[in-house]
Amino acid sequence: MFLPISFIFSFLFSSTNAADFCVGDLNGPVGPAGYSCKKTATEDDFSFSGLLRTAGNTSNLVKAAITPAFSTQFPGVNGLGISIARLDLAVGGVIPMHTHPRASELILVMDGTLFAGFISSDNKVYSKSLNEGDIMIFPQGLLHFQINTGKTQSVAFVSFNSADPGVQILDFALFTNDLPTDIIEGTTFLDAAQIKKLKGVLGGTG
Ligand SMILES: *[C@@H]1O[C@H](CO)[C@@H](O)[C@H](O)[C@H]1NC(C)=O
């Protein structure tokens, strides 16, 4: 069967255009595949001036701030499997042990000194002191951390192979909710006093 050449071309061109990008429609629902596509996109959907220019506020428990440009903040990356964030860590600041369920992470240190590492699924530690210009990769799903071990504020950029990498911080998962202390004790082998202390600091109950 022969199709008219004009039909083939119109099919090729329309499907190519439709597949170029899918700027996220933030008014629509979001699921594992991201947002649905905005009907019309403009150049402003593909740039975001100023978002990552300024340091985040590090006046908090961990003395660190994360400024994300994920699909929710920067809908142009929706569906493209890529995103970026800025990390600011005051002296002694820490991004506590955490995982990104949907992405590997590449860190580029711009300023200061970070001690960073990850733990593989066979429980081996891979850690390194990173200075300005150094990069490190944290493979998808593995627990990892960053600590500012220098004497100055540290700035880094982290990129992800997901527009919505997700994050789960280990201590927050354990100590900021109402999972009962005896269950945490039974499943982690920590003692109740330590669990209650951390629940107190991080806002957990039970
Ligand atoms: C930084 O955060 C702290 C604690 O939430 C707040 O008191 C302070 O006003 C914030 N500073 C700026 C510059 O926003």
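Just so we're clear, the structure is a prediction, and the values are computed from it rather than from any experiment.

**Remarks on the UniProt feature "binding site: Mn(2+)" (unreviewed entry) in the protein**
For step 1, the next point in the chain: This chain's UniProt record puts "binding site: Mn(2+)" (unreviewed entry) on H98, H100, E105 and H144. Maximum C-alpha separation among the annotated residues is 11.7 Å over a sequence range of 47 residues, consistent with a single clustered spot. Within this annotated set, the largest pocket is lined by H98, H100 and E105.
For step 2, the next point in the chain: Along the chain, the position of H100 falls in the loop between strand 5 (94-99) and strand 6 (105-111).
For step 3, the next point in the chain: On the basis of relative accessible area, H100 is assigned to the buried category, the value being 7%.
For step 4, the next point in the chain: The contact partners of H100, leaving out residues within four places of it in the chain, are E105, Q140, G141, H144, F160, P165, G166 and V167.
For step 5, the next point in the chain: A polar atom in the side chain of H100 sits 3.2 Å from the side chain of H98.
For step 6, the next point in the chain: Counting through the fold element by element, E105 comes out in strand 6.

**Overview of unusual backbone geometry**
For step 1, the next point in the chain: Even without being a glycine, K63 presents a positive backbone phi close to 55 degrees.
For step 2, the next point in the chain: By relative accessible area, K63 is classed as partly exposed at 40%.
For step 3, the next point in the chain: At N123, a position not held by glycine, the phi torsion is positive, near 70 degrees.

**Things to note about a nonpolar patch on the surface**
For step 1, the next point in the chain: On the surface, L106, L108, M110, I135 and I137 cluster together to form a nonpolar patch covering roughly 410 Å² of accessible area.
For step 2, the next point in the chain: At the level of secondary structure, the elements contributing two or more residues to the nonpolar patch comprise strand 6 and strand 9 (135-138).
For step 3, the next point in the chain: Ranked by residue count, the leading element in the nonpolar patch is strand 6, at 3 residues.
For step 4, the next point in the chain: Relative to the elements of secondary structure, I135 occurs in strand 9.
For step 5, the next point in the chain: Since its relative accessible area comes to 53%, I135 is described here as exposed.

**Thoughts on the domain arrangement of the protein**
For step 1, the next point in the chain: As far as domains go, the protein holds domain 1 (53-166) and domain 2 (176-202).
For step 2, the next point in the chain: On a C-alpha basis, the centres of domain 1 and domain 2 stand 27 Å from each other.

**Brief notes about the packing of aromatic side chains**
For step 1, the next point in the chain: With the rule as written, the count across this model stands at 5 aromatic pairs.
For step 2, the next point in the chain: Measuring from ring centre to ring centre gives 5.0 Å for F21 and F46, while their planes differ by 70 degrees; the resulting arrangement is edge-to-face. Residue F21 is located in the loop between helix 1 (5-20) and strand 1 (30-31), and its partner F46 is located in the loop between strand 2 (34-35) and strand 3 (64-69); the two are separated by 25 residues in the primary sequence.
For step 3, the next point in the chain: Judged by its relative accessible area of 38%, F21 is partly exposed.
For step 4, the next point in the chain: Aromatic pair F115 and F145: ring centres 6.1 Å apart, planes at 35 degrees, arrangement tilted. Within this pair, whereas F115 is found in strand 7 (residues 114-119), its partner F145 is found in strand 10 (residues 143-148), the two being separated by 30 residues in sequence.
For step 5, the next point in the chain: Over the face of the ring belonging to Y126 we find K124, whose NZ or CZ atom lies 4.6 Å from the ring centre.

Analysis parameters
Residues numbered from 1 in each chain as written. Predicted model: local features only at pLDDT ≥ 70, side-chain atom pairs only at ≥ 80, totals over all residues. Heavy atoms only, no water. UniProt positions renumbered as here; feature names shortened; annotations may be inferred. 1 Å grid on protein atoms, 1.4 Å probe; cavity = no way out; pocket = protein on both sides within 12 Å on 5 of 7 lines; lining within 4 Å. Helix = DSSP H or I, 4+ residues; strand = E, 2+ residues; numbered from the N terminus. Buried < 20%, exposed > 50% of the residue type's maximum accessible area, 1.4 Å probe, protein only. Contact = heavy atoms within 4.5 Å. Polar contact = N/O pair within 3.5 Å; in protein donor to acceptor, adjacent residues only side chain to side chain. Patch = residues over 30% accessible without salt bridge, like charges linked within 9 Å, V, L, I, M, F, W, Y side chains within 5 Å. Areas by Shrake-Rupley, 256 points an atom, 1.4 Å probe, with all protein chains shown as cover. Salt bridge = Lys/Arg side-chain N within 4 Å of Asp/Glu carboxyl O. Domains from an automatic or database assignment. Phe/Tyr/Trp six-rings, centres within 6.5 Å; stacked < 30°, edge-to-face > 60°. Lys NZ or Arg CZ within 6 Å of the ring centre and 35° of its normal.

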